[in-house]
Protein chains: 2
Amino acid sequence: MKVCIIGCGSIGSLYAAHLARVADVYAFVRRPEHAQALNAEGIRVSGTHEFSVRLRAACDPCELPAFDLGIVCTKATQTREAVAPVAHLFRQGAVISAQNGLGSEEIIAGLTGGYVIRGTTFMSGTRHSDTHVQYELDTATWLGPFEATNTPFALVREAADLIMASGLKAEALEDARPAQWSKLIFNASVNSAAALTGLPHCRQFSDESGPSSLGHLLHALIDEGKRVAAALDIAWHEDPWKMNCLGAETDHPPSMLYDVKNHLATEIDFLSGAIVREAKHAGVPALLHEAMWRLVKGKEASWTLPAS
Amino acid sequence: MKVCIIGCGSIGSLYAAHLARVADVYAFVRRPEHAQALNAEGIRVSGTHEFSVRLRAACDPCELPAFDLGIVCTKATQTREAVAPVAHLFRQGAVISAQNGLGSEEIIAGLTGGYVIRGTTFMSGTRHSDTHVQYELDTATWLGPFEATNTPFALVREAADLIMASGLKAEALEDARPAQWSKLIFNASVNSAAALTGLPHCRQFSDESGPSSLGHLLHALIDEGKRVAAALDIAWHEDPWKMNCLGAETDHPPSMLYDVKNHLATEIDFLSGAIVREAKHAGVPALLHEAMWRLVKGKEASWTLPAS
């Protein structure tokens, strides 16, 4: 089975390394030196799992064959530019979006014309170099058919089986939207609050002891997200508030905090922005996610100002 | 007439210099070198008005007489520590709060036991040194009785007349709350948005061209503030949305943007926090100001983290 991992950050490197043990894996990456390093050294996984593996990598689509399965692991903001050059290689195959938020599936489907699978992962890792990734949270990837491409459930199950055979956790779901929305609501709330306050995911996010405590805002954002999901007839799979309370013990810096500190485009359009768009479709308000969306967009705009 | 200016930042320096031309003015300041410089050199005003004037200054309350009038010009966060040491000098006099937001009047009244006057000013200046301030916006100080101290309107008028005699603009109002709330709603909305986005008061604040445009948030914050004022039977004096649209042409950095860049305590409790408290009294929601309050408090908390 030929598998292509599109984007090899920490999540992409984890999929690539594990799957290379059970399938014919190619990594499609942006930087030539990244492809060279992967071809020369393979990937070393440390932490929760420990092994090294060889695989093929390319930054030129001409070097790649047609694939049975793709996993897109770029930031949601990079989906179009990453998938477009290789889209023709997935006409007969299926592509999983393992990305944050909502909206990447639509972009991928528009580019490949093939089957798309909704993927939501809670795996986490730390990327130490182009060829070394540390595996941390050993949690499942939830997979389900993307409705608009009528992806057969058998295909979803096949992808889940392959991921499990590689040593990672996966779960095939008839409807992956509850899982995706649980993570969407969690991610939109926690990432935007971290980006605007400068705080990592810390105790303040679950603190509701005083009237100005940040935990009240997180609670209100999560409740608002749940109301939007309910209006779309989507139940949540895991409670985002409980996910927030657990995460608040970790002091983990959410990716959007890294982005704003480094003046990188954030995924806010695919997180808070996606909740606002879905709320509009459903005809319900999303006042708070709308506020967070506009504030983070304003923050992005501030980077273009002359330094003061 | 003996007048004490408490706090000589740009606004305090402007009041001190102008009033020293028509009254016996003392400046009460925190830093000994500031008092020494003022005693040695007086204050030079440049810009809209041009003059130099002598006055007395002290950082030791023992060097100060009893006063007929005080004007508190510190940041709202510093009201208590600034007024407490000299509070006994105002038992027979009146004290104007020329500070941002709501809540300083209550603190001053609790300390002095004398009359308090609500003051709201739109004057602006740039402080070039301890003894040189540039006068910019030549706009009125709105004055009115603080209800809780039953301040006679004659006293308010007397204070306004003195300020006008000094060359500044002032207006005595039977009820200064509409003026104060106009500036409160404007200030709470613009300052918190600037602090969280990192943007100065620029075009984005009035831009409502796209769904994620920041202007929508400013409009919603201002409308929410107006609804709180209406629930308290307070009409606004000038429309804060129009004030925002005018200000958005200036690229002026709001004071809270300066505070967050320099990791200084902000006035958020006296701005967004005050709107939230008043909304609670009135029994109406203030979801957005509550969100801004909690986000800025979270931002303040982030400064105590180890640098990353």
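Asks: Please clarify how the relation of the copies chain A and chain B should be interpreted in this entry.
Replies: Two copies of one chain are present, and they are related through a rotation about an axis combined with an axial shift. Relative to chain B, chain A is turned by 180° and slid 0.0 Å along the rotation axis, the superposed coordinates differing by an RMSD of 0.0 Å. Put plainly, the chains are arranged around a two-fold axis. Minimal C-alpha separation from the rotation axis in chain A is found for Leu 196 of chain A, amounting to 2.8 Å. A shared binding surface is used by both copies, with 100% of the interface residues of chain A retained as interface residues in chain B.

Asks: Please explain empty space enclosed by the protein as it appears in this structure.
Replies: All names here are of chain B. Using the criterion set out here, one finds three cavities of 30 Å³ or more in the structure. In this structure, the largest cavity occupies an estimated 60 Å³ of space. Lining the largest cavity are Gln 99, Asn 100, Gly 101, Gly 119, Thr 120, Thr 121, Gln 180, Lys 183, Leu 184 and Asn 187. Only strand 8 (115–121) and helix 6 (177–197) provide two or more residues apiece to the lining of the largest cavity. Sorting elements by how many residues they give to the lining of the largest cavity places helix 6 first, with four residues.

Asks: Just to check I follow, could you spell out the interface of chain A and chain B for this structure?
Replies: Many descriptions give the size of an interface as the accessible area lost when the pieces come together. Every contact between the two is made by 28 residues of chain A and, on the other side, 28 residues of chain B. Between chain A and chain B the total buried area reaches about 2300 Å² when both faces are included, carbon and sulfur atoms providing 69% of it. For chain A, the biggest contributors to the area lost against chain B are Ser 212, Arg 294 and Leu 295 of chain A; these three give 26% of the whole. Seen at the junction of chain A and chain B, the total is zero salt bridges. The interface formed by chain A and chain B holds six residue pairs in polar contact (both at pLDDT 80 or more) in total. Within the residue set of the side of chain A that touches chain B, elements represented by two or more residues are helix 6 (177–197), helix 7 (214–231) and helix 11 (287–302) of chain A. It is helix 11 of chain A that provides the largest number of residues to the side of chain A that touches chain B, a total of 12 residues. Grouping the constituent residues of the side of chain A that touches chain B by class yields 15 nonpolar, nine polar and four charged.

Asks: Would you explain the sheet that holds strand 3 (residues 43–47) of chain B in this entry?
Replies: The strands that make up a sheet are held in pairs by hydrogen bonds between backbone atoms, and each pair lies either parallel or antiparallel. All names here are of chain B. If you walk across this open sheet you meet the four strands as 4-3-10-9, and the pairing is mixed. Each having just a single partner strand, strand 4 (51–53) and strand 9 (125–129) make up the two edges of the open sheet. Put simply, the sheet's adjacent strands are angled 20° from each other on average, direction ignored. Bridge count for strand 3 against strand 10 (residues 132–135) is four bridges, and the pairing is parallel. Each residue of the ladder has a partner; that of Val 45, found in strand 10, is Val 133. With respect to the sheet, helix 1 (residues 10–19) is in contact with strand 3, strand 4, strand 9 and strand 10, its orientation differing from that of strand 3 by roughly 105°.

Asks: Could you clarify how one ought to interpret the pattern of salt bridges in this entry?
Replies: Opposite charge on two side chains makes pairing possible when the charged atoms of those side chains draw close. In total, this model carries 30 salt bridges over all chains according to the counting rule given. Arg 118 of chain B is paired through a salt bridge with Glu 147 of chain B; the nearest N and O atoms lie 2.6 Å apart. In this pair, Arg 118 of chain B sits in strand 8 while Glu 147 of chain B sits in the loop between strand 11 (141–145) and helix 5 (153–165), placing the two residues 29 residues apart along the sequence. Under the relative-accessibility criterion, Arg 118 of chain B is labelled buried at 7%. The partly exposed category is assigned to Glu 147 of chain B, whose relative accessible area is 33%. A salt bridge links Glu 147 of chain B to Arg 177 of chain B; the shortest N-O distance between them is 3.5 Å. One end of the pair, Glu 147 of chain B, is in the loop between strand 11 and helix 5; the other, Arg 177 of chain B, is in helix 6, with 30 residues separating them in the sequence. By sharing partners, the salt bridges in this structure join Arg 31, Glu 33, Arg 127 and Asp 130 of chain A into a single network.

Asks: Please clarify how the domain arrangement of chain A should be interpreted in this entry.
Replies: Residue and element names in this part refer to chain A. The domain architecture assigned to chain A consists of domain 1 (2–172) and domain 2 (177–302). Taking only C-alpha atoms into account, the centre of domain 1 sits 25 Å from that of domain 2. The partner domain 2 presents 21 residues to the 16 residues of domain 1 that form the contact. The largest share of the area that domain 1 buries against domain 2 comes from Asn 100, Leu 102 and Trp 142, three residues that together contribute 39% of it. Here domain 1 and domain 2 share two salt bridges between them. Counting the contacts that link domain 1 with domain 2 gives 10 residue pairs in polar contact (both at pLDDT 80 or more). Put simply, the parts of the chain that give the side of domain 1 that touches domain 2 at least two residues each are helix 4 (104–112) and strand 8 (115–121). Classifying every residue of the side of domain 1 that touches domain 2 by side-chain character gives five nonpolar, seven polar and four charged.

Asks: Would you mind going over helix 8 (residues 240–247) of chain B with me for this structure?
Replies: Think of an α-helix as turning once every 3.6 residues; residues three or four places apart then point the same way. Residue and element names in this part refer to chain B. Listed as buried for helix 8 are Pro 240, Trp 241, Met 243, Asn 244 and Gly 247. With its buried residues spanning 160° around the axis, helix 8 presents them on a single face. Turned more than 90 degrees from where helix 8 packs its buried face, Lys 242 and Leu 246 sit exposed. In this structure, the buried side of helix 8 is in contact with helix 6 and helix 7 (214–231).

Cut-offs used in this document
Residues numbered from 1 in each chain as written. Chains lettered and ligands numbered in written order. Predicted model: local features only at pLDDT ≥ 70, side-chain atom pairs only at ≥ 80, totals over all residues. Heavy atoms only, no water. Least-squares fit on C-alpha atoms with pLDDT ≥ 70 in both. Contact = heavy atoms within 4.5 Å. 1 Å grid on protein atoms, 1.4 Å probe; cavity = no way out; pocket = protein on both sides within 12 Å on 5 of 7 lines; lining within 4 Å. Points joined across faces, edges and corners; volume = space filled by probe spheres on them. Helix = DSSP H or I, 4+ residues; strand = E, 2+ residues; numbered from the N terminus. Buried area = accessible area lost by both parts, 1.4 Å probe. Salt bridge = Lys/Arg side-chain N within 4 Å of Asp/Glu carboxyl O. Polar contact = N/O pair within 3.5 Å; in protein donor to acceptor, adjacent residues only side chain to side chain. Nonpolar A, V, L, I, M, F, W, Y, C, P; charged D, E, K, R; others polar. Pairing = 2+ DSSP bridges. Axes fitted to C-alpha atoms, helices over the stretch in contact; angles between N-to-C directions. Buried < 20%, exposed > 50% of the residue type's maximum accessible area, 1.4 Å probe, protein only. Domains from an automatic or database assignment. Arc of directions from axis to C-beta.

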